Structure formats: C-alpha cells, structure tokens
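Coordinate analysis (summary)
Residue-level listing of the chains:
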Amino acid sequence: MAVPTTPAAPAPPSSDALLGLFPPGTTTAPDGGLRIGGCHVAELAARHGTPALLIDEGALRDRAGRYADGLAARRPDSMVAFASKAFPCTAVYRLLAEEGLGVDVASGGELALALAAGTDPAKVIVHGNAKSERYLRAAVEAGVGLVVIDNFDDIDRLEHLMAEAHRPGRREQPVLVRVTPDVRPDTHEAVSTGQRGSKFGLLLPQAREAIARLRGSARLRLDGLHVHIGSQILDTEPFVRAVAAVAELGRFPVYDLGGGLGARYTYDDRPPGIEAYLDALTGAADALLPAGARVIIEPGRSMVAETGVSLYRVVTVKRSGGETFVAVDGGMGDNLEVPLYGQRFEATVATRVRAPADGSPGERCRVVGRHCESGDVLSTGVLLQDPRPGDLIAVPATGAYTYSLANNYNAARRPPVVFCRDGRSRPVVRRETYADLMRRDLP
C-alpha cells in the first residue's frame, strides 16, 4: 500500500482556525485542553481509554435538525434519510430516528441495525447494486417504504418475492429507479458514482426501459426516480446537473436526489453549508420537477463527519531523516480514509491547543499509526506543540466512515464510540476485547 502523499498545511493555523474543524461548541479549558461536548479530553481518555471515537451528540442533533427543518421549509412534502453507510451504529440510528429522520440502508446488516434502533420501516430506503434475495426478503417482510431498483434483476427478484408474500393490506412494493445521469463531480474516483461506467444505477436509455416495465407490473409500484452522483462533493453545480438529467425522464410523484455534500476536513476545504446545498437542490427541483412531487435527500458524510473526533495516545516520537514521526496507539485499523482515498486530516496535541507564549507554531510532524504497514499514516505535515510520549492527539472530522471501515488489522481491537453532551460522556459502543477477536473461531 502506497504511503499517502497529501500536501502539508501551507501555514500555521491559529487556535481559532483549529477549533473551527472540531464540532461546533468545542472549546479549550483554562489548561489548554480540548473540551468536546463539554467534556475534557483528559477525562475522556482516563474514563474510556484510547483510541476512541468521540461524537458530540448535541452537534449531531443540531445537524439533523438543520437538514430536516431546512428541507421542509423549502419543500414541504419532503424527507431527509440518513445515508447510514457513513456511520451504521445503533445509537446513531436511534438518535436520528428520534429527530424524525428516515434512513437509507445498503445491506441486510444496516437494515437490521436500523430496525433494531426503532427506525420506522416506512422511512427506510433500501439500496444496493447487488441485492440478494435474502436482503430483499427481509426488506419486504419489514415493510420498508422504498426499494431502489438498481438493475433488472432487482425487478425479477422483487416481483417473485411479492408474489409469494402474504402481508395483509400491502400487495405492492413501492420502488424508485436509480438513474445514472452521466455526471462526474470533482471528487475521488472511488466515491464518484454518477458517471458513465459506474457500477450503480441505469443510464437514461436503460432507465426508460425499467420505467416502462415497472409501469406494467402488478406487484411493484413505481413511485419515482433516484439519483446519487458521489461523495465529498464541494460544489453544488453537479447536483443541479443531476436533477436536470432525471427531469428528462418524465413526471413522477417522488424524486430522491441522494446525498454527497462534502465535509470540511482541512483548513483549505470550503464545502457549501447545509443551507446553500438545500437552496441549490430545491431551486433545481422547483425549476425542473413537478410542483407537487415529494423530494427526498440522503445526506451521510455531511451529517456525521464534523461531529466526530478521534482521540489517540502518543506511544513514541522519533526524529529521523529530517522528519518527526509521532506514532499513536491507533491508525489504519480505525481510520482507513487516508490509505483508501488519500483524505487529509488535521491534528493537534489535545491538551496543548493554545500556542505557547513565545508564539512558536509548533513542530511539523507526520502522525503515524501502530500498524505494521508503511501506509499507516493519519496525517502529514501537521504542526504539533512539543509532542511527547503520553500526549493525547485529537483528529477532527472523523465521524464519517471511520467506524464503518474499522477493522482488525494486526488483530487490533476496534475502538469504542463515546457520545459527549453537556459535560457528560457515555459509551454507546464498547471497545472490542481479545475474546471478541476469537468469538467466531471454531475448534
């Protein structure tokens, strides 16, 4: 695996700029330590250990409200469904259900977690480019609100399942057709999904064929269209082009416009705000789609990324070959975004956030993980104040995909998830144990 070559931050950040990457409301204590959700990082580390994924619960509820209220104000008949692959955690599903959001799922496991958390099945949207019969059966039996048709095999399997289903009061399964609009946004190739050649959805000619077939089905009810062009998109223009593409296919009662709004990971990132994103989407919908159509959106990364912080303990500091390596007790086992997508993250010594009295910007460091892999790098070129073994390192904007992609490389134990709010913390996912690593082994 190649060593990431992300560029170094060009200028020393101020403490205010650094705090701007953390969840809103993050502060520094008088001793210079970070407070996440009102909780001091030193106390969090003492109570929950490291590495740990910290979630500012208040910030997450606030973002959910901004999405739901903002969309409703612009388009009254609407729904926000969390793209749960970004953070498929029971506690997150439960929190967002409490806030009135729906959920989009992309696997049987995500469906099971969402239902276990109390999500209303009518607010569940089922996705996947390779839906097994078992997955679709579970969705049908649960009474999910919508199944997104990604291919013609989905139609065959669903019609078969609906023919054998015996559910009083429901003879049809509502579905949407996923359209590939041939729109390629400026994002990493691995998370671009709307272009020709994508494994997802149907190009316009195929979409028309699927629409015609579904309109003749006695068991599947075509409610409308779905489009999703990718993730970590920092410009609203591609979303508008995607809406224009699906508008060519006719008038429908429902349009699911997907998600994809980017998050702010670095000082240089300038993603549109939630409100600007909603303005662009609903403006396009008002101009191009039927006035009475229901609009659904599926934010994932932009819902959770900036509410999360990863907390590590420095194990060793090594100055070699003109570089300073700060090695922590986590790494690619709990954050694969760097080696997979080249995503850059910032970092700080969590107990010395303020610049010293002499005004020194700190030492430029490469923060690396503990795994036996040269590509196990969390961030390069970050300025840290006098890093020493035992220090705590905080990495902001890790609420999306780090939990989803956490793994047991080197038989590492996946870290806990800790909700922080109003000065109190509570674990919602415990740290794995060595017994957990052996639980599935057979004699």
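Each remark here, short or long, concerns the structure printed above.
Described in the following lines is the structure provided in the data block. Residue positions are counted from 1 within each chain, in the order its sequence is given. The model is predicted, so local features are restricted to residues of pLDDT at least 70 and side-chain atom pairs to those at 80 or more, both for listing and for counting; the totals for chains, interfaces and linings are taken over all residues. Side-chain numbers here rest on the full set of heavy atoms in the structure, without hydrogens or water.

Describing unusual backbone geometry
Geometrically, the link from threonine 50 to proline 51 is a cis peptide bond, its omega value of -10° lying close to zero. Here proline 51 lies in the loop between α2 (41-48) and β4 (52-56). Starting at the N terminus, helices and strands are each numbered in turn, a helix being any DSSP run of H or I of at least four residues and a strand any DSSP run of E of at least two.

So, the sheet that holds strand β5 (residues 78-83)
We treat two strands as partners when DSSP finds at least two bridges between them. Spatially, eight strands are ordered β5-β6-β7-β8-β9-β10-β11-β12 in a closed barrel, and the strand pairing comes out parallel. Taking each pair of neighbouring strands and ignoring which way they run, the sheet shows an average axis angle of 30°. Bridge analysis of strand β11 (residues 254-256) against strand β12 (residues 294-297) gives three bridges, and the strand direction is parallel. Across the sheet, the residue bridging to tyrosine 255 is valine 295, located in β12. Strand contacts of helix α8 (residues 204-215): β8 (146-149), β9 (173-179) and β10 (220-227), with the helix running at about 165° to β9, the strand carrying the most contacts. To get an axis, a line is fitted to the C-alpha atoms, and for a helix only the part in contact is used. The angle between two axes follows their N-to-C directions and goes from 0 to 180 degrees. Only heavy atoms matter for contacts: two residues are in contact if any of them lie within 4.5 Å across the pair.

Section: the sheet that holds strand β1 (residues 27-28)
An order of β1-β2-β3 is seen for the three strands of this open sheet, with the pairing classed as antiparallel. Strands at the two margins of the open sheet, each flanked by one partner only, are β1 and β3 (39-40). Pairing geometry for strand β2 (residues 34-36) and β3, over two bridges, is antiparallel. Looking at β3, one finds that isoleucine 36 is bridged to cysteine 39.

Points about the environment of glycine 300
Tracing the backbone through its elements, the reader meets glycine 300 in the loop between β12 and α11 (301-304). Judged by its relative accessible area of 6%, glycine 300 is buried. Sequence separation between glycine 300 and lysine 85 is 215 residues, and the spatial gap between their C-alpha atoms is 7.4 Å. Leaving out residues up to four positions away in the same chain, glycine 300 has contacts with Phe82, Ala83 and Ala86. Residue burial is assigned from relative accessible area. The probe radius is 1.4 Å, only protein chains are included, and a residue is buried under 20% of its type maximum, exposed over 50%, and partly exposed in between.

A closer look at the side chain of glutamate 298
With respect to the element layout, glutamate 298 can be found in the loop between β12 and α11. It is arginine 178 that comes nearest to the buried, bridge-free glutamate 298 among opposite-charge side chains, at 6.8 Å. Pairs of N or O atoms within 3.5 Å make up the polar contacts considered here, provided that, within protein, one atom can donate a hydrogen while the other can accept it, and that residues adjacent in sequence are counted only when both atoms are side-chain atoms. Separated by 3.2 Å, the side chains of glutamate 298 and histidine 226 make a polar contact. Apart from the residues lying within four places of it in its own chain, the contact partners of glutamate 298 are Ala81, Ala83, Asp104, Ile125, His127, His226, Asp256, Gly258 and Gly259. A positive count includes Lys and Arg, and a negative count includes Asp and Glu. His and the chain ends are not counted in either. By convention in these notes, a salt bridge is any Lys or Arg side-chain nitrogen within 4 Å of a carboxyl oxygen on Asp or Glu.

Things to note about the environment of alanine 29
Within the secondary structure layout, alanine 29 lies in the loop between β1 and β2. Remark: the alpha-carbon pair of alanine 29 and arginine 352, spanning 323 residues in sequence, is separated by 9.9 Å. In this structure, alanine 29 is in contact with Arg35, His40 and Arg354, ignoring residues within four places of it in sequence.

Some points on the pattern of salt bridges
Under the counting rule described, the total for this entry stands at 25 salt bridges. Between glutamate 99 and arginine 61 there is a salt bridge, with its nearest N and O atoms 2.7 Å apart. With a gap of 38 residues between them, glutamate 99 in the loop between α4 (90-98) and β6 (102-105) and arginine 61 in helix α3 (residues 57-74) connect regions that are remote in the sequence. Under the relative-accessibility criterion, glutamate 99 is labelled partly exposed at 30%. When its relative accessible area of 16% is taken as the criterion, arginine 61 is described as buried. Here the salt bridges share partners, and the residues they tie into one network are Glu57, Arg61, Glu98, Glu99, Arg421 and Arg426.

With respect to the packing of helix α7 (residues 152-164) against α8
As a packed pair, α7 and α8 sit with axes 10 Å apart at the nearest point and diverge in direction by 15°. By the angle between their axes, α7 is roughly parallel relative to α8. α8 is crossed by α7, and the crossing has right-handed handedness. Between α7 and α8, the contacting residues are Phe152, Ile155, Asp156 and Glu159 on the first element and Gln206, Glu209, Ala210, Arg213 and Leu214 on the second. Looking at the contact of α7 with α8, its residues break down into four nonpolar, one polar and four charged. Relative orientations are named as follows: roughly parallel for angles under 35 degrees, roughly antiparallel for angles over 145 degrees, roughly perpendicular for angles from 65 to 115 degrees, and oblique for any other angle. Should the near helix be turned counterclockwise from the far one by less than a right angle, the crossing is left-handed, whereas a clockwise turn marks it as right-handed. For this classification, Asp, Glu, Lys and Arg are treated as charged, while Ala, Val, Leu, Ile, Met, Phe, Trp, Tyr, Cys and Pro are nonpolar and the rest, including Gly, are polar.

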